[in-house]
Amino acid sequence: MSDSSPARPAAPVLDVWCDLQCPDCRDALDDLRALRARYGDRLELRLRHFPLEKHRHAFAAAQAAEEAAEQGQGWAYVEAVLARVAELDRRGEALLVEVAAELGLDAEEFDTALIDGRHILIVDADQAEGKALGVTGTPTYVVGGERLDGGKSQEGLRERVEKIADRLLAEGA
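Let us look at the structure shown here. (Residues numbered from 1 in each chain as written. Predicted model: local features only at pLDDT ≥ 70, side-chain atom pairs only at ≥ 80, totals over all residues. Heavy atoms only, no water.)

1. Notes on the overall build of the protein chain
Phase 1 of the analysis: Across its full length, the protein chain carries nine helices and four strands.
Phase 2 of the analysis: Tracing the protein chain from N to C terminus, the helices and strands come up as β-α-α-β-α-α-α-α-α-α-β-β-α.
Phase 3 of the analysis: Going through the 173 residues of the protein chain one by one, you find that 46% of them count as buried.
Phase 4 of the analysis: Relative to all contacts within the protein chain whose residues are 6 or more apart in sequence, the contacts with residues 24 or more apart total 70%.
Phase 5 of the analysis: Only carbon and sulfur atoms are counted for the fraction: they give 49% of the accessible area of the protein chain, which is about 9000 Å². (Helix = DSSP H or I, 4+ residues; strand = E, 2+ residues; numbered from the N terminus. Buried < 20%, exposed > 50% of the residue type's maximum accessible area, 1.4 Å probe, protein only. Contact = heavy atoms within 4.5 Å. Areas by Shrake-Rupley, 256 points an atom, 1.4 Å probe, with all protein chains shown as cover.)

Okay, structure coming up:
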């Protein structure tokens, strides 16, 4: 049976390469919230993991974010962890499990996921893809094939993302 209604074009994708222990990524949250509010489901916002070596808990935080996504609270968890970057630096994995419990997630499962490493391959794959695309710092945005580095400066970045997204949406209409 064929459907005669026209297929809706896929939403443009904004990949956000992020380190959950990065103060610059925390500062970018307002821009990400604004983009989500403006575009809703017309722009697919994807968190991509790029834990930096200088942040000793970033790799575990990336794995924890994947567990949160699996439990249906990916963005809420990411925002909660980023809001507590300095505390994550001090407390490490204990904070990651605590944030999960505060959000009503299965904290015991978080603890297990961090021990058994079930999400390591996802984090490694994101990091490898980021490196292949030339990502060197966080946050870095990739939209419409264009890489925007927010690690150096976030000034005017949201406007540039919006300009590209608007163009992609107009082309897909």
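Next, the rest of the story.
2. Notes on the packing of helix 3 (residues 58–70) against helix 4 (residues 74–82)
Phase 1 of the analysis: Where helix 3 contacts helix 4, the two axes come as close as 7 Å, and the packing angle between them is 145°. On helix 4, the residues touching A64, A65, A68 and A69 of helix 3 are G74, Y77 and V78.
Phase 2 of the analysis: Taken together, the residues of the contact of helix 3 with helix 4 sort by class into six nonpolar, one polar and no charged. (Axes fitted to C-alpha atoms, helices over the stretch in contact; angles between N-to-C directions. Nonpolar A, V, L, I, M, F, W, Y, C, P; charged D, E, K, R; others polar.)

3. With respect to helix 9 (residues 157–172)
Phase 1 of the analysis: Relative to the 22 Å expected for 16 residues at 1.5 Å per residue, helix 9 spans 23 Å between its end C-alpha atoms, a close match to the ideal helical length.
Phase 2 of the analysis: The set of residues buried in helix 9 consists of L157, V161, E162, I164, A165 and L169.
Phase 3 of the analysis: The elements touched by buried residues of helix 9 are strand 1 (13–18), helix 2 (29–39), strand 3 (140–143) and strand 4 (146–149). (Expected span 1.5 Å × (residues − 1).)

4. So, the pairing of strand 1
Phase 1 of the analysis: Across the six residues that make up strand 1, a large majority, five, are buried.
Phase 2 of the analysis: In this sheet, strand 2 (residues 44–49) lies alongside strand 1 in parallel orientation, the contact comprising six bridges. Among the inter-strand pairings, V16 is bridged to a residue of strand 2, identified as L47. (Pairing = 2+ DSSP bridges.)

5. Comments concerning the side chain of R84
Phase 1 of the analysis: Of note, R84 is situated in the loop between helix 4 and helix 5 (85–91).
Phase 2 of the analysis: Side chain to side chain, R84 and E87 meet in a polar contact 3.0 Å long.
Phase 3 of the analysis: A distance of 2.7 Å separates the side chain of R84 from the side chain of E102, its partner in a polar contact.
Phase 4 of the analysis: Sequence-distant contacts of R84, that is, excluding residues within four places in its chain, are made with R91, L95, E98, V99 and E102. (Polar contact = N/O pair within 3.5 Å; in protein donor to acceptor, adjacent residues only side chain to side chain.)

6. Re the environment of T112
Phase 1 of the analysis: Within the secondary structure, T112 sits in helix 7 (residues 107–116).
Phase 2 of the analysis: When the C-alpha atoms of T112 and V97 are compared, they prove to be 10.0 Å apart, with 15 residues separating the residues in sequence.

7. Digging into the packing of aromatic side chains
Phase 1 of the analysis: Counted according to the given criterion, the structure contains one aromatic pair.
Phase 2 of the analysis: Ring centres of Y77 and F110 lie 5.2 Å apart, and the angle between their planes is 35°; on these two criteria the pair is classed as tilted. In this pair, Y77 is assigned in helix 4 and F110 in helix 7, connecting sequence segments 33 residues apart. Side by side, Y77 and F110 carry an identical accessibility label, which is buried.
Phase 3 of the analysis: One cation-aromatic arrangement involves R36 over W75; the distance from NZ or CZ to the ring centre is 4.9 Å. (Phe/Tyr/Trp six-rings, centres within 6.5 Å; stacked < 30°, edge-to-face > 60°. Lys NZ or Arg CZ within 6 Å of the ring centre and 35° of its normal.)

8. Overview of the sheet that holds strand 2
Phase 1 of the analysis: Spatial strand order, 2-1-3-4: four strands in an open sheet with mixed pairing. Every interior strand has two partners, whereas the edge strands, strand 2 and strand 4, have only one. Averaged over neighbouring strand pairs, the angle between their axes works out to 20° when direction is ignored.
Phase 2 of the analysis: Strands in contact with helix 9 are strand 1, strand 3 and strand 4; relative to strand 4, the strand with the most contacts, it is inclined by about 165°.

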